[in-house]
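Analysis of the macromolecular model
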Amino acid sequence: MSLKKETPSDQQLHLAALQGNVEHLRKVLDTGKVHVDCKDKEGTTPLILSAANNHIECVKELIKQNADVGARRLTGTCALFFAAQGGFLDIVKVLLDAGAQVDMASYDGGTPLFVSCQCNHQDVVEELLDRGADIHSQMVDGATPLFITAQNGHSKLLKFLLSKKSDVNMVRKDNATPLWIAAQMGHAHVVQELLDAGSDIDAVREDGATALFKACHKGHSGVVEVLLKGGASLGLLQNGETPLHAAALFGHLKIVKILLLKGANPYTKNKEGQTPYELAREAGFDYIAKYIEGSVNGDLHLTSVKKSENSEVPVS
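Residues numbered from 1 in each chain as written. Predicted model: local features only at pLDDT ≥ 70, side-chain atom pairs only at ≥ 80, totals over all residues. Heavy atoms only, no water.

A count of helices and strands for the chain gives 19 helices and zero strands. Dimensions of the chain along its principal axes, counting C-alpha atoms only, are 90 × 35 × 30 Å. Nonlocal contacts in the chain, meaning residues at least 24 apart in sequence, comprise 70% of its contacts between residues at least 6 apart. For the chain, the computed accessible surface area is about 14,600 Å², with 47% contributed by carbon and sulfur atoms. In the chain, 32 side chains carry a positive charge and 38 a negative one; their mean positions are 2 Å apart. (Helix = DSSP H or I, 4+ residues; strand = E, 2+ residues; numbered from the N terminus. Contact = heavy atoms within 4.5 Å. Areas by Shrake-Rupley, 256 points an atom, 1.4 Å probe, with all protein chains shown as cover. Lys, Arg positive; Asp, Glu negative; His and termini not counted. Charge placed at Lys NZ, Arg CZ, Asp CG, Glu CD.)

We now examine the environment of Thr210. Structurally, the position occupied by Thr210 is in the loop between helix 12 (188–196) and helix 13 (211–218). Given a relative accessible area of 2%, Thr210 falls into the buried group. Measuring from C-alpha to C-alpha, the distance between Thr210 and Ala67 comes to 49 Å, with 143 residues separating the pair along the chain. Discounting chain neighbours no more than four positions away, the residues touching Thr210 are Trp180, Asp202, Ala203, Val204 and Leu237. Here the side chain of Thr210 touches Phe213 through a polar contact of 3.2 Å, landing on its backbone nitrogen. (Buried < 20%, exposed > 50% of the residue type's maximum accessible area, 1.4 Å probe, protein only. Polar contact = N/O pair within 3.5 Å; in protein donor to acceptor, adjacent residues only side chain to side chain.)

This next bit is on the packing of aromatic side chains. In total, this model carries two aromatic pairs according to the counting rule given. Considering the side-chain rings of Phe81 and Phe82, the 5.4 Å spacing of their centres and the 75° angle between planes classify their relative orientation as edge-to-face. Considered together, Phe81 and Phe82 belong to a single accessibility category, that of buried residues. For the pair Phe285 and Tyr287, a centre-to-centre distance of 6.1 Å together with 75° between the ring planes defines the contact as edge-to-face. Tyr287 carries the same exposure label as Phe285, and that label is buried. (Phe/Tyr/Trp six-rings, centres within 6.5 Å; stacked < 30°, edge-to-face > 60°.)

This part is about the pattern of salt bridges. With the rule as written, the count across this model stands at eight salt bridges. Its salt-bridge partner being Asp97, residue Arg131 comes within 3.0 Å of it at the nearest N-O pair. With a gap of 34 residues between them, Arg131 in the loop between helix 8 (122–130) and helix 9 (145–152) and Asp97 in helix 6 (residues 89–97) connect regions that are remote in the sequence. Connected through shared salt-bridge partners, Glu23, Arg26 and Glu61 make up one network. (Salt bridge = Lys/Arg side-chain N within 4 Å of Asp/Glu carboxyl O.)

Quick look at the environment of His220 now. Relative to the elements of secondary structure, His220 occurs in the loop between helix 13 and helix 14 (221–229). Placed 138 residues apart in sequence, His220 and Phe82 show a C-alpha to C-alpha distance of 34 Å. Separated by 2.9 Å, the side chain of His220 and the backbone oxygen of Gln184 make a polar contact.

Mapped onto the elements of the fold, Glu127 is located in helix 8. In terms of polar contacts, Glu127 uses its side chain to reach the side chain of Arg131, at 2.9 Å. If we skip the residues at most four places from it in the chain, Glu127 touches Leu89, Val92, Lys93 and Leu96.

So, on to unusual backbone geometry. Positive phi is not limited to glycine here, since Lys165 has a value of about 70°. Considering the arrangement of structural elements, one finds Lys165 in the loop between helix 10 (155–163) and helix 11 (178–185). With phi around 75°, Asn175 is a residue other than glycine that occupies positive phi space. Residue position: Asn175 is located in the loop between helix 10 and helix 11.

Confidence in the prediction of the chain, expressed as mean pLDDT, is 92, and 92% of residues score 70 or more. The model gives residues 1–5 a pLDDT under 50, and that stretch makes 14 contacts with residues more than four places away or in other chains. Counted against residues more than four places away or in other chains, residues 299–316, with its pLDDT under 50, gives 25 contacts. (pLDDT = per-residue confidence, 0-100.)

The structure is reproduced here in structure tokens:
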């Protein structure tokens, strides 16, 4: 009965588990020619296959025949990991009842809680937390379940995690916060939720960029407005740039207008000694340079910017 080298019987057992054919699965196991935890070249067991493909009867049968609920693939992932990732709540419960470790992590640090948050399976998240999962578990890079939830824009799940006292300012290894990643991804509603929960609005990633800077860089005007309403800094940042520099450099006219209306200083020079106007010209965004020049020279009154915020942005 091989645990490592695949035999024809191993392949038949794996196929039955993959297809959810519980009768064939029992038949193969009854031959006594195959181990219940036989593995393929990736370290996948029949139980992992059944859990990953939502075949609960096969899962129950394999557990009944003493399958190892803690068996792991070469990546460190286990049956519970895949059940959580798929949102298969009933299988999650069966595996936990059979003794699966609730926080068994893959070798990159991903736990069942982490992947259920990533995939927005709130019922699974609730079950895992009720069973003792660590809400502050971290990936190898330091990302938390709240971080990955913010990154993917899962607003309802994010509110739930916050209600469970998830640390809103817990950082990834590069010092990026959930607010920072939500801003980068353009999730304005998530950004607002995080601010309401006490997120540090001007926290900087290791490169000196704030959430506002990244939103300006990426062109997420809705996020920019939320952050400015919350009092985000418009000044020179630790990276030697201002949010206005970012918007000008990457051609986001609507955001340039918003920032100027909110008091951004068009004269501020970055660490290279360049103004937002100069960056826009250098990048080929002449329409932005012209707009900034007009505002500086008084030809374009900043108080009237709102009227043209919805004007069509020229294509560079």
